[in-house]
Amino acid sequence: MSPFTILPVLLPLIGGILMLMARPIGIDTQRILSLILTTLLVGVSLVSFQLANSEIYQVVLLGNWQAPFGIVIVLDRLSALMLLLTSLLALGALWYAIRTDTDKQGQHFHVLFQLQLFGLNGAFMTGDVFNLFVFFEVLLIASYGLLLHGGGRLRTRAGLHYVVINLVGSTLFLFAVGTLYGILGTLNIADMAIAVRNVSEADQGIVATAAVLLLVVFGIKAAMFPLYLWLPGAYAYTSAPVAALFAIMTKVGLYSIIRVHGTIFGEEAGDLAFVHIEWVLLLGLITLALAALGVLAARALRRQVAYLILASVATLMVAIGINNEAALAAALYYLIHSTMLGAAMFLIADVIMKGRGIYSDSFTKAIPIDRPIIVGSVFMLLGIALTGMPPLSGFFGKVMILHSALNHPWFAAILSVILTAGLVMIIAVVRSGSLLFYSVQKEEGQKTSPLNKSAFVAVFLLMLVSPLMVMFAKPLTDMNTQIAGQLFNGQAYIDAVLSTVPYGGNNSK
Amino acid sequence: MEWLIASVISVMTGCGVYLTLRARTFPVVLGLTLLAYAVNVFLFSMGRLQIGIPAVIDPAAAAYTDPLPQALVLTAIVIAFGMTAFLIVLALKARSELGNDHVDGLHRSDDELKATKHNSTKTETERSQS
Amino acid sequence: MILQRLFPHPFLTLILWGIWLLLNNTISPGHIVLGAVLAILIPWLTSSYWPEKISIRHPWMLLLYVLRVLYEILVANAVVAKLILGPQKNLKPGFLHYELKLTSSVGIGLLANTISLTPGTVSCDLSKDRRYLLIHALHIDDVEAIKADIHRKFEKPLLEIFVTC
Amino acid sequence: MSLLSFNLPLAALLPFAAAPLAAWSTRYNRLASAWVAGLTTLLTLAILFPSMQAVFAGETLIQQWSWLPAIGFNIAFRLDGLALLFALLILLIGLLVIFYARYYLSAKDSMGRFYAYMLMFMGSMLGIVLSENLLQLVVFWELTSITSFLLISYWQHRQDARQGARMALAITGAGGLALLGGVLLLGHIVGSYELTQVLASGDLIRGHDLYLPTLLLILLGVFTKSAQFPFHFWLPHAMAAPTPVSAYLHSATMVKAGIFLLARFFPALSGTPEWSWLVGTAGMLTLLIGAYVALFKHDLKGLLAYSTLSHLGLITLLFGFGSQMALVAAIFHIINHATFKGSLFMVAGIIDHESGSRDMRKLNGLFKMMPHTAMLAMIAAAAMAGVPLLNGFLSKEMFFEQAISASDTTLAAWTIPALVTLAAIFSVAYSLRFIHDVFFNGEPIDLPKTPHEPPRFMKIPVDILVVLCLIVGVAPMLLIGPILSVAVAASLQAPAPEFSLAIWHGFNLPLMMSFIALVLGVAVYTVRHRLFAWHDRCLHGIEGKAVFDWLQWKTIRFAKKVTDYFDQTTLQPSVSWVIGGALVLSILTFFQFNSPLFGDRALMEADVITILMALTLIVASLLTVVLHHQRLTSLISIGVVGLVVALGFVKFSAPDLALTQLSVEVVTIVLLLLALFFLPQHTPQERSYIRLSRDGIISISAAVAVFLLTMAVLSREYTSIANFFIENAKPGGGGTNVVNVILVDFRGFDTLGEIVVLALAGLGVFAMLEGLKLAAPAKDVEGLEWSHDPHPPIMQTLTRLLFPLMLMVAVYIFLRGHNLPGGGFIAGLIASVALISQYLANGIDWTNERLRTDMHRVMWLGLLIATGTGVVSMLLSYPFLTSAFTYLNWPVVGKFEVASAIAFDLGVFLVVVGATVMILVELGKLSHAAHFINVEDIK
Amino acid sequence: MLEWVLAILILIGAFFTLVGSIGLYKLSDFYMRLHGPTKASTLGVGAILIASAIHFSFKTDGVSLHEILVTLFLFITAPVSAHLMAKAAIHIKVKQVERTRQLEK
Amino acid sequence: MLNLALSLAFIMVGLAILLSFIRLIIGPNTPDRILALDTLYINSIALLILLGINLQSALYFEAALLIAVMGFMGTLALSKYLLRGDIME
Ligand code: NA
Ligand code: NA
């Protein structure tokens, strides 16, 4: 156990406090501080990643209490990956926010931002179900603030819907956690996994019900059908850097399904093993189909991008639902891709929107934007990546997922939905791209605003992730296979958590 | 007793859900508050119902209730309070930006229509301050 | 001077000290010390919320006053219980204006409270000029008797107890 | 490592590498990009050249590297006869097109972009034909779709170009995805995506259950790319592309990619009735439709496009015949078609370029103005029509022969030969039209430009191709024999059958068919005007594009309908979905298991008071619903709910919860009142009974479900980890109030998160309220003026009196919390309520004057203390948040406990105070910014 | 003896609490009902609190007097509540029973 | 004896709660409802203290104390709402 392990959670918390303290000094200080802190977090995440890169789990017994009595923080390969992804994404989003002055549009952007990271990282590291609830709340309330940052009619309405739906979700979370505690008598994920194995036949139904309730909760975050309805509005109407950061928010839901359901209702759980998984697959497929239709039906770019994100999340659900090591490895590859490129897509939608002036992001014929070739190329590449066309990462992720599904009884459904959805999205994105970049007309009196090059750097760098992911597909896949292997070996996780002894030997302090 | 508590939770949930499904922000806030109460009692009851044996260590005590759900509910209450506070202010913001208190900001309520009419005639009256 | 600053409201300090010991149900030395610290600290912290200095001329009279009020409450409770449980049509409710002699706001507050506490009367409003108290009585036989009672039993002692600086 | 070990990937990737260079080079010289493209093509040829000898010797070269072994995705390239034939076609015709385009493109066209796209397309095509790994092939396949989109939409300002490009991408992209599916299945059946193994597993594949889906998916890819019926319609619309693109993509290369796949997969997939029927039918229909429609196109490129369709159909049909000789004929015709159709497209481009029109109704008598071009056109068109001594004749004869032999096996023996002859008749007719209608047939009408011969160099590529038509036509074996032989062998994965390419095979049935076709073709052409009229009257407007557009429109409409159904940007359905979804999923899941609903734990007797209180709570909840239109009243009744809940906590051994609930309850009511001031006082009646009953059903279902869930758990026994907390609270945590010890010690991390939530709520509220403007009513609902007395003195006086007392209670609750019910939260709430009471009694200005503390500071201080307490333990190398306590013994004071948990709790206290006060006071300040509306005036 | 004292105190308290609520329930206008709770908050709760103080003083070692605090709080707050509610009722012109006398200064 | 008295007291206080709650339901005015809520708070104090005696536990005292304070705050806020609409100004 390394004391370092807690840092990914602690650093943004301290960061948030520092931001709050720095408020009177002014936004410039906050910006510098925020950039430094986020960069530091990238560093910390990298070290964590290195630390997790073994079969050894880093377990911290918070308060020095033996699990399952205290709360544990667990760093394994998956959580390390999520941490790294989050911090990199955050850095990009933060840079874009600062360079476009988004952070100046309201109060407390940087505090919210750091604490959002606190919530995310906490959710990725906690080994306790109720603590996960708490971190969900942290990341949610920070996201409420960020979502509403800057205000405006549509944003406020979307925010209201987002908040209400998530509050209902929090209620469901507590119902689920309560039920699980009421039967299993514990909250620690590893301990629950043990308890689930010993559940009597008479209690199985109720535990399964709680599992599915929990799935609904995570499904809301992950934007699973029919729980995704908050997403299009929320993502479309918030500010671009926030939307970009939100690309990781849906992944929290998926991560939680992998972590919580995967551990508690894993292979060893007897009749309860993978009680959730067919739902994930089925609902993932439905979500994907609806998302593709949404992409096609969108009347404005940001909404289209929101549905593209939804589609990528749905693809991930399908991959998780396939439920084998290869599929999970593929899912992780796709997760990295979808997070970074989804974020980039939101940012470029913002670039385009700002470039089009009064036409904003609506799909109408408008004036040409500044630097159409570079912006258009990046847009095209992102479109290719996100719709899963070769030669970028989306395609390879999709192929890996499909390959892993070859022996699945639902292969035909998986194949047809994924391929058809891909096609529909390609058609839609090509339509919008051709409208935005080709179908343009210069107009008197409508001046194009120049491209914000320094902000654009963030988009470009995020976009580069895709070719890099192709280039380094092999090491990435190897890594993902290792992660998936670790995840499918739930017993190792359980043993690691439950066998970690408090510092100094025992609990009597 | 359990039946009673279950009924209480159930009715609060039902009422909470019904109010949460209303079209105006204020009932929605009330609904979520009720839902929060319901789930808090639910979570609390998961430690089973015990009378007169609070989890305060006392040499004379023969037994203790399960303290863990209580701690969880305490956390949940405070979180729900924060969320309610946020939501109600958001409702105000929505009222200000959307022009009425419909959750979708769609249908202008009667008082709003009157207010617009009023604003257009510009007969704003200052409230007398004491 | 320093004492003045340290104990802006010595009487309050005393009360708080007592309250602390009451709260903790103890007179252990630790709590006596802690209570004293708090009883000094809190008035000091909240002194700005007390715009007017209250000084109590005869603390023992306050004690007497409290006992008297308690006694009055006891008696009035019985009377009013009978009124409530009896037939309603016998009740002759009404509003009356009581002219105040008290000027200290704490005094007025305490009087109003006392009036409300003794069953049968509720102080409903204070006139803007702070000279009249509007009182609702559950049953009025003789207005002047009620007014005289209030003055004799409550206002006079209060007038003696409080001086406003 | 020698070049020969990686020249194949190099060849495919070099054009990609050169593409940016081509784009970039135009900055310095407009023509530089053409040079880059040309030289790249030559270089690629040179790279492949060393391998050719081996291929002609019948070898198959494979260069592969392991890349994603987990899914069998290797980087693998293959050069055999078939690949070489196609690679040569791609490169050689590419070279000619590059040369031609340099003269074709006008000054305002961006050369750099054009050649960059061309190079990328060339690379993609090479990738397809050189791929050994099928997944890799799919990658290149889709790349051709993307690059062809870019090329077709090259003139992006033209709507037809954009639409044509989109349609091409939609169709071919769809086919690509189907191909991916087919390849995955193929890989699944064979266990490898390597062509070598797939081709060796023909019997396994044909015998597999998944054969038909695999075949269908792959053929979808083939038919879309090669524009076979019913996916043919994109091709004519792709003619909006610049003519060099049409010449290259739409005659010589891309449309042949599908055909290439047929040849490639021939050993693996062919030889079944499914294959014959599917491939044959598509080919035949395309052949006929293409030939027929071509005649009626007035646009030169339109005619060529449909003629291309027809020829592609011809080749497909040959594959459908499935015999080895048919394969020979097919591959031979691929070459021939590339040469004559490439040249014809270039001619059409020249005419367009020089006359400004491609409309055959305007173009007449051009022979006089451009005799050289006319000569070239006539030879190429004759080849297309199948006139002897030209290459088209040879392959067409072979085609007829195969059609006859294929018909032996079918019932209606004459059908196939008759149909192919019919197609040939039209082929002759449209070829004749291409020549006669353009170069003769009177004088030109209204041409934008006066036509004349193009620049000399523009004709060179056409010259070369036409000469090839002639040479192949006269001496076929000389030039084509060797490559055709190895290509056929590679395609068959077996030695090529004996074949002879000769001009004269004697008087036989095929020759007769050719003769009939020529004669009747001329006849049809002569009566064309009557045919045009008939066609216009009866068949005009039947077009694939219309179907496609209709389908696309329908799909979009469907998408919009579905999307709008779910995504209405309305809250209520979303919430209904969440709750309904949770209900449905839970119920379905529960009944998957054979568990009884209730357990057999002994239940507790209910007492009268508890029943009464429960009833109160139930009625109060219902009252909140019933009276929710009167908002203030529902607020009061929710107050009852909160109170009874608190009493319940007391009853069931949870004093801490009761204290918290009571405090939160009041703060919530104050909060709601503050907000309610700015909201309507009444909720309007909802009129939709459907919605009300729907919501009623959802609510009642939720209520029932929660009831069952609660009972299901409460009627069961459980064992929990609770004992540990009870046993360790005092010895390990130093406190006797176990709930508090859990909060500040065992699960302090939860608490830390929770105060962050609270702080964020405060900050969020602060941020939201910034600059918020709201109308405040100047009179109440009843139209009454507000009271003139904002701070009734009696309230003021006594509330001030209460203030120190409440603070004292807060301190008391705080300090005892570790051992008895209480703690930082509750104390914080009490302190907040104490402060708020001052705000209520004295107003914001008065109180703020006295409370000169920025709540931001209180919050960060609290967070800092709580976090700091946790960090301190790390400095002592204990985990984060490890607590410590000790007992001190001071004189006078006596023995007392000092615990770090108290410091943590102090942090909690401060955050609670900071956040609560901030929320309420910021909200209270809102009226400062409000403007007032007189409700009475409006009435 | 002690039990008797306790029992009587408890019954007195409960009785006056009940009387207060009866008043609240049955009296005919708001201003009259306002008198109800004062019973409950003074003698009602007071008597029960005294019973509690006595009970816990005898049950445990020390003297239990903190019940006095509840009374103190109630004595400070209940009248203010009543005062404000009355003021509010007067302000919004809540109806009085007709026989209510309006006595001028 | 004490138990009998307690049982009787519980019933009486329960009845008081019931009556207060009925007043809250029937109103008819908002001040009536506020008053009923206030009374419910006070009744609850009695109930809690009785419960404390019944369960022989001093742990419920603080709840009673808090009810006294919080009930007051609620009434204060609600009444002020009727008076001024804006309860903090
Ligand atoms: Na009174
Ligand atoms: Na003509």
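Residues numbered from 1 in each chain as written. Chains lettered and ligands numbered in written order. Predicted model: local features only at pLDDT ≥ 70, side-chain atom pairs only at ≥ 80, totals over all residues. Heavy atoms only, no water.

## Thoughts on the overall build of chain D
Assigned secondary structure in chain D consists of 39 helices and six strands. Projecting the C-alpha coordinates of chain D onto the three principal axes gives extents of approximately 130 × 70 × 60 Å. Taking all 939 residues of chain D together, the buried fraction comes to 67%. Within chain D, contacts between residues separated by at least 24 positions form 79% of all contacts whose residues are at least 6 apart in sequence. As displayed, chain D offers around 31000 Å² of accessible surface, 67% of which is attributable to carbon and sulfur atoms. Distance between charge centres in chain D, computed from 52 positive and 53 negative side chains, equals 9 Å. (Helix = DSSP H or I, 4+ residues; strand = E, 2+ residues; numbered from the N terminus. Buried < 20%, exposed > 50% of the residue type's maximum accessible area, 1.4 Å probe, protein only. Contact = heavy atoms within 4.5 Å. Areas by Shrake-Rupley, 256 points an atom, 1.4 Å probe, with all protein chains shown as cover. Lys, Arg positive; Asp, Glu negative; His and termini not counted. Charge placed at Lys NZ, Arg CZ, Asp CG, Glu CD.)

## Some details on the overall build of chain B
In terms of regular secondary structure, chain B is built from four helices and zero strands. If you list the helices and strands of chain B from N to C, you get α-α-α-α. Of all 130 residues assigned to chain B, the portion counted as buried reaches 72%. Within chain B, contacts between residues at least 6 apart in sequence are counted, and of these 48% link residues at least 24 apart.

## Observations concerning the interface of chain F and chain E
It is common to report an interface's size as the accessible area lost on association of the parts. Each partner contributes to the interface: chain F provides 46 residues, whereas chain E provides 47 residues. Together chain F and chain E conceal approximately 4200 Å² of surface at their shared face, both sides included; 83% is due to carbon and sulfur atoms. Among the residues of chain F in contact with chain E, F:Arg23, F:Leu35 and F:Leu83 are the three that bury the most area, contributing 15% of the side total. Remark: the boundary between chain F and chain E carries one salt bridge. Residues F:Asp32 and E:Arg33 are paired through a salt bridge, measuring 2.3 Å at the closest nitrogen-oxygen approach. For the pair chain F and chain E, the number of links is eight residue pairs in polar contact (both at pLDDT 80 or more). Those elements that provide at least two residues to the side of chain F that touches chain E are α1 (2-26), α2 (30-55) and α3 (61-84) of chain F. Of all the elements, α2(F) adds the most residues to the side of chain F that touches chain E, at 15 residues. (Buried area = accessible area lost by both parts, 1.4 Å probe. Salt bridge = Lys/Arg side-chain N within 4 Å of Asp/Glu carboxyl O. Polar contact = N/O pair within 3.5 Å; in protein donor to acceptor, adjacent residues only side chain to side chain.)

## Focus on the coordination of the sodium ion (ligand 1)
Expected angles at a metal are 109.5 degrees for tetrahedral coordination by four donors and either 90 or 180 degrees for octahedral coordination by six donors. Residues and elements named next belong to chain C. Looking at the sodium ion (ligand 1), one finds its protein donor set to be Ile 115 (O), Ser 116 (O), Thr 118 (O) and Thr 121 (O), positioned 1.8 to 3.1 Å from the metal centre. Ordering the donors of the sodium ion (ligand 1) by residue number gives the pattern I-S-x1-T-x2-T. We classify Thr 118 as buried; its relative accessible area is 7%. (Donors = N, O, S within 2.8 Å, 3.2 Å for Na, K, Ca; no water.)

## As for the packing of helix α4 (residues 59-85) of chain C against helix α1 (residues 2-26) of chain E
Running from N to C, α4(C) and α1(E) point in directions that differ by 45 degrees, and their axes come no closer than 10 Å. With respect to their mutual orientation, α4(C) and α1(E) come out oblique. Here α4(C) and α1(E) pass one another in a crossing that is left-handed. Across the interface between the two elements, C:Asn77, C:Ala78, C:Ala81, C:Ile84 and C:Leu85 from α4(C) touch E:Phe15, E:Phe16, E:Val19, E:Ile22, E:Gly23 and E:Lys26 from α1(E). (Axes fitted to C-alpha atoms, helices over the stretch in contact; angles between N-to-C directions. Parallel < 35°, antiparallel > 145°, perpendicular 65-115°, else oblique. Left-handed = near helix turned anticlockwise from the far one by under 90°.)

## Remarks on the sheet that holds strand β4 (residues 132-137) of chain C
Read across the sheet, four strands follow the order β3(C)-β4(C)-β2(C)-β1(E) without closing on themselves; strand pairing throughout is mixed. Of all the strands in the sheet, just β3 (121-126) of chain C together with β1 (101-102) of chain E have a single pairing partner and so form its edges. Looking at chain direction, β3(C) and β4(C) are connected through five bridges and run antiparallel. Each bridged residue has a counterpart across the sheet, and for C:Val122 the counterpart in β4(C) is C:His136. Contacts from helix α6 (residues 143-161) of chain C reach β2 (94-99) and β4 of chain C together with β1 of chain E within the one sheet, and its direction differs from that of β2(C) by about 45 degrees. (Pairing = 2+ DSSP bridges.)

## What about the coordination of the sodium ion (ligand 2)?
Residue and element names in this part refer to chain D. Protein coordination of the sodium ion (ligand 2) is provided by Met 360 (O), Leu 363 (O), Asn 364 (OD1), Asp 437 (O) and Asp 437 (OD), with donor distances spanning 2.0 to 2.3 Å. Sequence spacing of the donor residues for the sodium ion (ligand 2), all on one chain, is M-x2-L-N-x72-D. Of this pair, Asn 364 sits in the loop between α16 (324-355) and α17 (371-385) while Asp 437 sits in helix α19 (residues 415-439); the two residues are 73 residues apart in sequence, bridging distant segments of the chain. What makes Asn 364 buried here is its relative accessible area of 5%.

## A word on the domain arrangement of chain D
Here chain D is described as being made up of domain 1 (297-526) and domain 2 (734-939). If you average the C-alpha positions of domain 1 of chain D and of domain 2 of chain D, the two centres end up 89 Å apart. (Domains from an automatic or database assignment.)

## A closer look at the packing of α16(D) against α17(D)
Residue and element names in this part refer to chain D. It is the contact of α16 with α17, at a shortest axis distance of 9 Å, that shows an interaxial angle of 145 degrees. Pair α16 / α17 crosses with left-handed handedness. Residue-level inspection shows Phe 340, Lys 341, Ser 343, Leu 344, Val 347 and Ile 350 of α16 in contact with α17, the latter providing Thr 373, Ala 377, Ala 380, Ala 381, Ala 383 and Met 384.

## Remarks on the pairing of strand β2 (residues 72-75) of chain A
Residues and elements named next belong to chain A. Burial of β2 is two-sided: the residues Val 72 and Val 74 facing one way and the residues Ile 73 and Leu 75 facing the other way are all buried. Inspection of the sheet shows strand β1 (residues 58-61) paired to β2 by four bridges, in the antiparallel sense. In the strand pairing of β2, Val 60 is matched with Ile 73.

## Thoughts on the pattern of salt bridges
Under the definition given, this model contains 43 salt bridges over all chains. Put simply, D:Asp80 and D:Arg264 hold a salt bridge, and the shortest N to O gap is 2.2 Å. Placement of D:Asp80 in the loop between β2 (73-79) and α3 (81-104) and of D:Arg264 in helix α12 (residues 254-264) is noted, with a sequence separation of 184 residues between them. With a relative accessible area of 1%, D:Asp80 lands in the buried category. Counted as one network, the salt bridges with shared partners bring together C:Glu72, C:Asp149, C:Arg152 and C:Lys153.

## Comments concerning the side chain of D:Ser307
With respect to the helices and strands, D:Ser307 occurs in helix α15 (residues 300-321). Once residues within four sequence positions are removed from consideration, D:Ser307 is found in contact with D:Gly290, D:Ala294, D:Lys341, D:Met384 and D:Tyr430.

## A look at the interface of chain D and chain B
With 116 residues of chain D at the contact, the number on the chain B side is 90 residues. The tally of links from chain D across to chain B stands at three salt bridges. Close ionic contact of D:Arg601 with B:Glu2 constitutes a salt bridge, the shortest N to O distance being 3.4 Å. One can count 23 residue pairs in polar contact (both at pLDDT 80 or more) joining chain D with chain B. Split by residue class, the side of chain D that touches chain B holds 72 nonpolar, 27 polar and 17 charged. (Nonpolar A, V, L, I, M, F, W, Y, C, P; charged D, E, K, R; others polar.)

## Observations concerning a nonpolar patch on the surface
Residues and elements named next belong to chain A. Side chains of Trp 95, Val 457, Phe 460, Leu 461, Leu 464, Leu 468, Met 471 and Phe 472 sit close together on the surface and give an oily, nonpolar patch of about 720 Å² of accessible area. Residue contributions to the nonpolar patch peak at six residues, all from helix α18 (residues 453-471). Overall, the relative accessible area of 44% leaves Phe 472 in the partly exposed class. (Patch = residues over 30% accessible without salt bridge, like charges linked within 9 Å, V, L, I, M, F, W, Y side chains within 5 Å.)

## Re helix α35 (residues 824-842) of chain D
Residues and elements named next belong to chain D. Between its first and last C-alpha, α35 extends 27 Å over 19 residues, near the 27 Å set by a 1.5 Å rise per residue. With 19 of its 19 residues buried, α35 lies for the most part within the structure. Phi turns positive one or two residues past the end of α35, at Gly 843, with a value near 90 degrees. (Expected span 1.5 Å × (residues − 1).)

## Focus: the environment of E:Ile12
All names here are of chain E. Within the secondary structure, Ile 12 is located in helix α1. Given the relative accessible area of 33%, Ile 12 is considered partly exposed. A C-alpha to C-alpha distance of 18 Å links Ile 12 and Val 70, two positions 58 residues apart in sequence. Excluding its chain neighbours within four sequence positions, the residues that come into contact with Ile 12 are Leu 43 and Ala 47.

## Quick look at α4(C)
A rise of 1.5 Å per residue sets the reference length of α4(C), with its 27 residues, at 39 Å; its end C-alpha atoms lie 39 Å apart and thus fit the reference within 8%. Those residues of α4(C) not exposed but buried are C:Met61, C:Leu62, C:Tyr65, C:Val69, C:Glu72, C:Ile73, C:Ala76, C:Asn77, C:Val80, C:Ala81 and C:Ile84. Where α4(C) is buried, its residues touch α2 (10-24), α5 (105-117) and α6 of chain C together with α1, α3 (35-59) and α4 (67-91) of chain E.

## Focus: the confidence of the model for chain B
Put simply, chain B has an average pLDDT of 84, and 82% of its residues get 70 or more. Note that pLDDT drops below 50 for residues 109-130 of chain B; the model gives that stretch 40 contacts with residues more than four away or on any other chain. (pLDDT = per-residue confidence, 0-100.)

## Comments concerning the environment of A:Gly122
All names here are of chain A. Examined against the element boundaries, Gly 122 turns out to sit in helix α4 (residues 109-125). By relative accessible area, Gly 122 is classed as buried at 0%. The sequence separation of Gly 122 and Gly 92 amounts to 30 residues, and the corresponding C-alpha distance is 20 Å. Excluding anything up to four places from it in sequence, Gly 122 contacts Val 9 and Phe 135.

## Some words on the packing of aromatic side chains
Inspection of the entire model under this criterion finds 73 aromatic pairs over all chains. For the pair D:Tyr154 and D:Trp155, a centre-to-centre distance of 6.3 Å together with 50 degrees between the ring planes defines the contact as tilted. Each member of the pair, D:Tyr154 as well as D:Trp155, carries the same accessibility label: buried. By way of ring pairs, the aromatic residues A:Tyr144, A:Tyr162, A:Trp230, A:Tyr235, A:Phe246, A:Phe346 and B:Phe86 are connected into one cluster. (Phe/Tyr/Trp six-rings, centres within 6.5 Å; stacked < 30°, edge-to-face > 60°.)

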